[in-house]
Structures are given as C-alpha cells and as structure tokens.
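Spelled out, the chains give:
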Amino acid sequence: MGVKDEVKYVEIVYRGIFQKRLAKYIAEGIVYTAREMGRPALSFGRYGDSPERNGVPAKYYVGIGDNVNEEDLIGYSTRVEPDLVDAIIVLDDTLLKGVESWAWQGVQPINLKLKSNGTMLVTSTKRINELLKMIPKKDFNWTLGVVNTQPSFSGLWAFKDDLTMEKVWGGLAKLRPDIIDLDHLIKYVSKKQDADKRISTVKEAYSSVDYRTVMKGEGIDFVYNPPRLLTWQEMLEGTVIPAVPRGKRNELFKRGTTKFERPTVDFDICIKCKLCWIYCPDECFDETPDGYYDIAYDYCVGCGICADVCPVKDCIVMVDESMFTDYRRPYEMWKENKIKYKEWLKSVRQARKERVYVPGLGR
Ligand code: SF4
Ligand code: SF4
C-alpha cells in the first residue's frame, strides 16, 4: 500500500463567501480532532485564486493519514483536489443538484468523487428520501446522512456561531468514526469557549443524525460530460476566442449552480414592461413571440434583481431552490397548462423559505 491508500479525504462543499468561514472552521475541527487521535492531518481549499463570489459552489478538503508521516501526507496532498473522497459534507441542500465550482469543469454531480461505500452528510431540514430526488445515483452502495438544520451563513465578513460546526462534527463522528471519533471530538471541543454548550450540541447531533444506506442505482440520472479542452494541435493560431453566436448561450458555462433560490413568474399579471429582461445581469430572460419573458434557469444565479425591479407586486417572487427538481422554463410550463401552472406557483411560493442572506427579496 502506498500513501494514496492510507489517506482519508473529506470534501466540504459550500457556497462561496456566504459559507467560507463555516467550511474552513469545520475543516479545522476535523483536522484537530484527527490530530487528537494521533494521526497527521491537514486541510486545504479547492482554489488558489479564490473565485468565491456570492453563492458560487466552492470546496475545502481535509486529508488524514493512517500510517503515513506528516511529510508524505503533505507531499501527496499537494494537488488541486483529491481524485476520490471518503466523505462529503454538503453545507446547503440546494448544492445537491450539482456544482459548477470553477475552471470550466461543467456542472458536476455532487457525489462525483465519492468512494465506494463512502458517506455524504448534508445539512438540511428535508428528509433523506426527499433529498434523493436531487442526488445522482452511483453504481455502488453508499451512506447518506442528514443533520437537521437550516443552511448557515458564516462568510468572509461575519461569522455566525450558530453551532452548525458542532452539529456537522457530531454527525460525522457518528457516521465515520474512522475519520473522527466522538471521544476525541469532545476533547477538542472542550478546549473551546462555551464548551458545555458545544459538547451538548455535538452529542445531540451524534445521537439524532438521520442516515441510511443508499443502494446502488438509487437516486436520479445525471448526465455529466466533462468539457473536452482543445489540444494544442487543434487550437487556431494566435489568440482566438470564438464568440457565442447571437441569441445563444455558452453551453459550457452554466452558472445556475450558484443559486440557492430562483425567480418564479406569474405571467397572468405580467405587464410585459421588459424590466426583468433589461436588468438581469446574466441575460437569463428570453423574449417570447407574445411579448412575455421566459427564464433559462440553467444560467440564473439567483441574484434576485429581476424580483426587485419588477413593478408588479407578486409577479416575480424568489423561491428556495430546493423546491425544484428540474430546470423547466416557466413560460413553457405556463403555456402548456395555465391552471396547473398557477396551482404549482402557489404551492412553491407557499413553501418559500426566508434566508438570512437573500439578496433579492422579491415582492
Ligand atoms: S435572479 Fe433574475 S436577475 Fe438574477 S440572474 Fe436570475 S433571472 Fe437574472
Ligand atoms: S419585470 Fe415583471 S412585469 Fe415587467 S416584463 Fe418582467 S415579469 Fe413582466
């Protein structure tokens, strides 16, 4: 066995800037607990140039060595990201639909790197079976766990110490004691401020985390074709960047995984003023032949600007992304069956969640 087989990796997927510190501190806690267990451990971010704009999916990693010395662990971990991981922690359930994190990799399945019999732990108020409507199937069994909590906001400028770290650590210790075990986790947490409160949160999460084995083939179909970059023999001479043809979008650059909420449109009250089309910074609206504006959700980053500029009350309302399992265009759905669309609109808007970091409030 080489170093490769003796390092366990944990991937932490978070929303850039909104959850940056949260992810970093969770990684730190796993590293220190592993060290309490007498193993070398380190953590590193996915990126060198930090394109962690609002909401962009981003990643932290933890590497823990078993029978590996510190130097070999550092040497082996000096890479952009590991090929495979033992556990994935997802800090916002809207990330389960896939991540386009960086570098034109395309929208990747959330569990792309999970090892056979690996574990994924999600912070969510949804149940396991609901989450599986968004998670791609694997050709092996794996474990899905849910720590019951709302998505937490702990970004660059503010740290919300709402005990999400302790909940995640407790859940991980239960599901993967080979990564961090409860006794050493408590030892680590007891050195922190307000230790009693933190220890009881760890214990509560440890005993209440919901989990089960997800069987091979369970989950959704997710087509992932990694973009193929041109080789040097195929490139044109000089610096040539072919433009995207007018009226088309770049298929390889779908920033839609950035959004944790999406605009819903009530076409029955739309006055066709065009403001959403004008103001959308990502040019997501397409004018329809009858003068309405349809949305390409694949490209919508959920900024909420369209909801803010729309002059008609309740015409555009932002709704939690986890309410949707597909990217169907709203206008097409409305044209297909207006009564059904209205009922659907009512149901998703009723279930709308308020998040602390919602940029566009809707009306
Ligand atoms: S929320 Fe609205 S304005 Fe923002 S990217 Fe999506 S469609 Fe465009
Ligand atoms: S801003 Fe609102 S009212 Fe105006 S076209 Fe867009 S959806 Fe319709």
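Up top is the structure these notes are about.
Rules of the game
- Residues numbered from 1 in each chain as written.
- Chains lettered and ligands numbered in written order.
- Predicted model: local features only at pLDDT ≥ 70, side-chain atom pairs only at ≥ 80, totals over all residues.
- Heavy atoms only, no water.
- Helix = DSSP H or I, 4+ residues; strand = E, 2+ residues; numbered from the N terminus.
- Rg over C-alpha atoms; globule rule 2.2 N^0.38 Å.
- Contact = heavy atoms within 4.5 Å.
- Areas by Shrake-Rupley, 256 points an atom, 1.4 Å probe, with all protein chains shown as cover.
- Near = heavy atom within 4 Å.
- Nonpolar A, V, L, I, M, F, W, Y, C, P; charged D, E, K, R; others polar.
- Axes fitted to C-alpha atoms, helices over the stretch in contact; angles between N-to-C directions.
- Parallel < 35°, antiparallel > 145°, perpendicular 65-115°, else oblique.
- Left-handed = near helix turned anticlockwise from the far one by under 90°.
- Phe/Tyr/Trp six-rings, centres within 6.5 Å; stacked < 30°, edge-to-face > 60°.
- Buried < 20%, exposed > 50% of the residue type's maximum accessible area, 1.4 Å probe, protein only.
- Lys NZ or Arg CZ within 6 Å of the ring centre and 35° of its normal.
- Polar contact = N/O pair within 3.5 Å; in protein donor to acceptor, adjacent residues only side chain to side chain.
- Patch = residues over 30% accessible without salt bridge, like charges linked within 9 Å, V, L, I, M, F, W, Y side chains within 5 Å.
- Salt bridge = Lys/Arg side-chain N within 4 Å of Asp/Glu carboxyl O.
- Pairing = 2+ DSSP bridges.
- Expected span 1.5 Å × (residues − 1).
- Arc of directions from axis to C-beta.

**Regarding the overall build of the chain**
- A count of helical and extended segments in the chain gives ten helices and eleven strands.
- A compact globule built from 363 residues should have a C-alpha radius of gyration of about 21 Å, and the chain, at 22 Å, falls within 12% of that.
- Principal-axis analysis of the C-alpha atoms gives the chain an extent of 65 × 55 × 40 Å.
- Considering only residue pairs separated by 6 or more positions, the chain has 79% of its internal contacts joining residues 24 or more positions apart.
- Element-wise, carbon and sulfur atoms account for 52% of the exposed surface of the chain, whose accessible area totals about 17,600 Å².

**Topic: the site of ligand 1**
- Close contacts around ligand 1 come from 13 residues, with Cys280, Cys300, Cys303, Gly304 and Cys306 the closest.
- Considered class by class, the residues forming the shell around ligand 1 number eleven nonpolar, two polar and no charged.

**Here's the deal with the site of ligand 2**
- In the neighbourhood of ligand 2, the contacting residues comprise Cys270, Ile271, Lys272, Cys273, Lys274, Cys276, Tyr293, Cys310, Pro311, Val312, Cys315 and Ile316.
- A breakdown of the residues in the shell around ligand 2 according to their chemical character gives ten nonpolar, no polar and two charged.

**Remarks on the packing of helix H5 (residues 182-189) against helix H6 (residues 195-208)**
- Relative to each other, H5 and H6 sit at 155°, their axes nearing to 9 Å. Taken as axis vectors, H5 and H6 run roughly antiparallel relative to one another. You can see that H5 and H6 cross each other, and the crossing is right-handed. Counting all contacts with H5, which are made through Leu182, Leu185, Ile186 and Val189, the residues of H6 involved are Ala195, Arg198, Ile199, Val202, Lys203 and Tyr206.
- Broken down by class, the residue content of the contact of H5 with H6 amounts to eight nonpolar, no polar and two charged.

**As for the packing of aromatic side chains**
- A full pass over the atoms with the stated rule returns 16 aromatic pairs.
- Centroid distance phenylalanine 267 to tyrosine 331: 5.7 Å. Interplanar angle 80°. Geometry classified as edge-to-face. Here phenylalanine 267, found in the loop between strand S8 (261-265) and helix H7 (275-279), pairs with tyrosine 331, found in helix H9 (residues 330-336); they are 64 residues apart in sequence, far enough to count as distant. Each member of the pair, phenylalanine 267 as well as tyrosine 331, carries the same accessibility label: buried.
- With a centroid separation of 6.0 Å and 45° between ring planes, the pair formed by tyrosine 331 and tryptophan 334 is classed as tilted. Taken together, the positions of tyrosine 331 and tryptophan 334, both in helix H9 and three residues apart, correspond to about one turn of that helix. There is no split in this pair, since tyrosine 331 and tryptophan 334 are both buried.
- A network of ring pairs unites the aromatic residues Phe267, Tyr292, Phe324, Tyr331, Trp334, Tyr341 and Trp344 as a single cluster.
- Residue placement shows arginine 79 over the ring face of tyrosine 76; its charged tip is 4.5 Å from the ring centre.
- The ring centre of tyrosine 299 lies 5.6 Å from the NZ or CZ of arginine 249, which sits over that ring.

**Observations concerning the environment of lysine 191**
- Tracing the chain through its elements places lysine 191 in the loop between H5 and H6.
- Judged by its relative accessible area of 60%, lysine 191 falls in the exposed class.
- A distance of 2.3 Å separates polar atoms of two side chains, one belonging to lysine 191 and the other to glutamate 36.

**Some remarks on a nonpolar patch on the surface**
- Taken together, the side chains of Trp277, Ile278, Tyr279 and Ile305 make up a nonpolar region of the molecular surface, amounting to roughly 390 Å² of accessible area.
- Here the element with the most residues in the nonpolar patch is H7; it accounts for three residues.
- Its place among the elements puts tyrosine 279 in helix H7.

**Thoughts on the sheet that holds strand S7 (residues 210-214)**
- Strands sit in the order S2-S3-S1-S4-S5-S6-S7 across an open sheet of seven strands; the sheet is mixed. Looking along the sheet, the strands with just one partner apiece sit at the ends: strand S2 (41-45) and S7. Taken pair by pair, the neighbouring strands of this sheet meet at an average axis angle of 15°, ignoring direction.
- With six bridges connecting them, strand S5 (residues 114-124) and strand S6 (residues 142-148) associate as parallel partners. Along S6, the bridge assignment pairs threonine 119 with threonine 143.
- Here helix H2 (residues 70-77) sits on the sheet and contacts strand S1 (7-15), S2 and strand S3 (57-65); the angle it forms with S2, its principal contact strand, is near 20°.

**As for H6**
- With 14 residues, H6 extends 20 Å between its outermost C-alpha atoms, agreeing within 8% with the 20 Å of an ideal straight helix rising 1.5 Å per residue.
- Residues Ala195, Arg198, Ile199, Thr201, Val202 and Ala205 constitute the buried set of H6. Down the axis of H6, the sector holding all buried residues measures 160°, keeping them to one side. Exposed side of H6, more than 90 degrees from the buried face: Asp196 and Ser207 are the residues found there.
- Turning to H6, the residues buried within the fold contact helix H4 (164-175) and H5.

**Regarding unusual backbone geometry**
- Backbone geometry places lysine 272, a non-glycine residue, at a positive phi of 55°.
- Examined against the element boundaries, lysine 272 turns out to sit in the loop between S8 and H7.
- Of the residues examined, lysine 272 reaches a relative accessible area of 39% and is grouped as partly exposed.
- Even without a glycine there, the phi angle at aspartate 314 is positive, about 65°.
- Relative to the helices and strands, aspartate 314 is located in the loop between helix H8 (305-309) and strand S11 (316-320).

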